[in-house]
Amino acid sequence: QVQLVESGGGLVQAGGSLRLSCAASGLSFSSTAMGWFRQDPGKQREFVASISGAGLTTYYANSVKGRFTISRDNAKNTLYLQMNSLKLEDTAVYYCAGRSGTAVAHTERAAYNFWGQGTQVTVSS
């Protein structure tokens, strides 16, 4: 079955950087569009970034544009999210997600079928 396992979360000071990874198995990774979402307690899960199967097309939420970079290594079946200039409001659980049967990136949560368990990112002042 499909498994998405995130890693790389942690505690970081405002202005710092983190890189999240998502190891995928059980799917044709290079044919699967992937995305990152995040969720604060009591809030809706929100879109952060997405990338097409070949990695040629990316989308970002306005709140992270210019600070975060999504990328993928199809040879390693791994998705990444490089987060720079972190802000207090970036604190959330970050989830990796995949779209079944399509390499076309999307920004809507409902477009994704597979989800990881999440990794906590906490930004402190």
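Above this text is the structure in question.
Let us look at the structure shown here. Note that the coordinates shown come from a computational prediction; the quantities given were computed from them, not determined experimentally.

Among the 6 residues of strand β4 (residues 34–39), 5 are classified as buried, and the element is accordingly described as predominantly covered. Pairing analysis gives 5 bridges linking β4 to strand β5 (residues 46–51), with the strands arranged antiparallel. Bridge pairing links W36 to A49 in β5. With antiparallel pairing between neighbouring strands as the criterion, β4 and β5 make up a hairpin whose turn holds 6 residues, including G42 at a positive phi of roughly 80 degrees. Sheet analysis places β4 next to strand β9 (residues 92–98), joined by 6 bridges and oriented antiparallel. Along β9, the bridge assignment pairs F37 with Y95.

Bringing the sheet that holds strand β8 (residues 78–83) into the picture now. Spatially, 4 strands are ordered β1-β3-β8-β7 in an open sheet, and the strand pairing comes out antiparallel. Edge positions in the sheet fall to β1 (3–7) and β7 (68–73), since each of these pairs with one other strand and no more. Taken over all neighbouring pairs, the strand axes of this sheet differ in orientation by 15 degrees on average, direction set aside. Judged from the 6 bridges that link them, strand β3 (residues 18–25) and β8 form a sheet pairing that is antiparallel. Across the sheet, the residue bridging to C22 is L79, located in β8.

Another point: the state of the cysteines. Under the definition given, this model contains 1 disulfide. With its sulfur 2.0 Å from that of its partner, C22 forms a disulfide with C96. Here the disulfide of C22 and C96 is left-handed, its torsion about the S-S bond being about -65 degrees. Of this pair, C22 sits in strand β3 while C96 sits in strand β9, placing them 74 residues apart in sequence. Like C22, the residue C96 is buried in the burial classification.

The next subject is the packing of aromatic side chains. Tallied over the full model, the rule gives 4 aromatic pairs. Ring centres of F37 and F47 lie 5.7 Å apart, and the angle between their planes is 75 degrees; on these two criteria the pair is classed as edge-to-face. Pair noted here: F37 is in strand β4 and F47 is in strand β5, with a separation of 10 residues, a long-range link. For F47, a relative accessible area of 14% puts it in the buried group. Each residue in the set F37, F47, Y112 and W115 is aromatic and connected to the rest through ring pairs, giving one cluster. Across from the ring centre of Y95, 3.6 Å away, lies the NZ or CZ of R45, which sits over that ring. The aromatic ring of F29 is capped on one face by R72, whose charged end is 4.3 Å from the ring centroid.

Thresholds applied
Residues numbered from 1 in each chain as written. Predicted model: local features only at pLDDT ≥ 70, side-chain atom pairs only at ≥ 80, totals over all residues. Heavy atoms only, no water. Buried < 20%, exposed > 50% of the residue type's maximum accessible area, 1.4 Å probe, protein only. Helix = DSSP H or I, 4+ residues; strand = E, 2+ residues; numbered from the N terminus. Pairing = 2+ DSSP bridges. Axes fitted to C-alpha atoms, helices over the stretch in contact; angles between N-to-C directions. Disulfide = S-S within 2.5 Å. Phe/Tyr/Trp six-rings, centres within 6.5 Å; stacked < 30°, edge-to-face > 60°. Lys NZ or Arg CZ within 6 Å of the ring centre and 35° of its normal.

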